[in-house]
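In case you want the letters, here they are:
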Amino acid sequence: MKRALFPGSFDPITLGHYDIIKRGIKLFDEVVVAIGVNAEKKYMFSLDERKSFIEEAFKNQPKVKVVTYEGLTIDFCEKIDAQFILRGLRNPADFEFEKAIAHTNRRLSKIETVFLLTAAKTSFISSSIVRDVIRNNGDYTVLVPDSVVVK
Ligand code: ADP
């Protein structure tokens, strides 16, 4: 069984993440969306909210699982028997950042990182911009799946 871990903060999930997950399930038997828990980081949405936004967006897709994890991503991959890490690339800055992480992970484990180029129509979207739009009462709904609801 080919299992890929798609790690991130997903604060909140955006249409960019959604696109990568949808395309990921064509390549893998299972895509595990893994929300990393970092005690140092301040989030806009609680862990439960971030998890349920993703679960709701993929409720009819049995190949997508949503979990939370702490610690090194490669350790978690080994724990759940995921042979691949899935990441999205938007631009050269993403590439440089991801390259260093992927090389490190490859040095420390046998896990392969698979990169998908974002769809052109979602390549400008980031969770941090979505949070700015939300904070300033803009129409965030065009940037995220319908499951993301701000109370
Ligand atoms: P992180 O805290 O790791 O940056 P994110 O939730 O922002 O977590 O991103 C998780 C993954 O989704 C990363 O691989 C990132 O490059 C990818 N990603 C983020 N936004 C987009 C987008 N608009 N299109 C494609 N991939 C994206």
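Above this text sits the structure in question.
Scoring rules and cut-offs
- Per chain, residues are indexed from 1 in the order of the written sequence.
- Confidence filtering applies because this is a predicted model: local features only for residues at pLDDT of at least 70, side-chain atom pairs given and counted only at 80 or more, and all residues used for totals across whole chains, interfaces and linings.
- Hydrogens are left out, water is left out, and the side-chain values use all remaining heavy atoms of the structure.
- What makes two strands pair is DSSP finding at least two bridges between them.
- Runs of H or I in DSSP of at least four residues are treated as helices and runs of E of at least two as strands, each being numbered from the N terminus.
- Lines fitted to the C-alpha atoms define the axes, with helices restricted to the stretch that makes contact. Angles between their N-to-C directions range from 0 to 180 degrees.
- Residue contacts are defined here by distance: any two heavy atoms, one from each residue, within 4.5 Å place the two residues in contact.
- Only protein chains enter the accessibility calculation, which uses a 1.4 Å probe. A residue is then buried if its area is under 20% of the maximum for its type, exposed if over 50%, and partly exposed in between.
- Positive charges are assigned to Lys and Arg, negative charges to Asp and Glu, while His and the chain termini are left out of the count.
- Salt bridge, as used here: a side-chain nitrogen of Lys or Arg that lies within 4 Å of a carboxyl oxygen of Asp or Glu.
- For the purposes of these results, a polar contact is taken to be a pair of N or O atoms within 3.5 Å, where, inside protein, one atom must be able to donate a hydrogen and its partner to accept one; residues adjacent in sequence count only when each atom of the pair is a side-chain atom.

J.: How should I be thinking about the sheet that holds strand β2 (residues 30–36) in this particular structure?
T.: Sheet architecture is open: 5 strands sit in the order β3-β2-β1-β4-β5, paired in parallel fashion. Two strands close off the open sheet at either side, each with one partner strand: β3 (64–69) and β5 (112–117). For this sheet, the mean angle separating the axes of adjacent strands, direction not counted, is 30°. As paired elements, strand β1 (residues 3–8) and β2 share 6 bridges and run parallel to each other. Paired with L5 across the bridge in β2 is V32. Along the sheet, helix α3 (residues 73–80) makes contact with β1, β2, β3 and β4 (84–89), crossing β1 at roughly 145°.

J.: Would you explain the side chain of R50 in this entry?
T.: Structurally, R50 is set in helix α2 (residues 47–57). Buried R50, no salt bridge; nearest opposite-charge side chain is D11, N-O distance 4.2 Å. Reaching out from R50, the side chain makes a polar contact with the backbone oxygen of S9 at a distance of 3.1 Å. For R50, the contacting residues outside a window of four places in its chain are S9, F10, D11, I35, G36, Y43 and F45.

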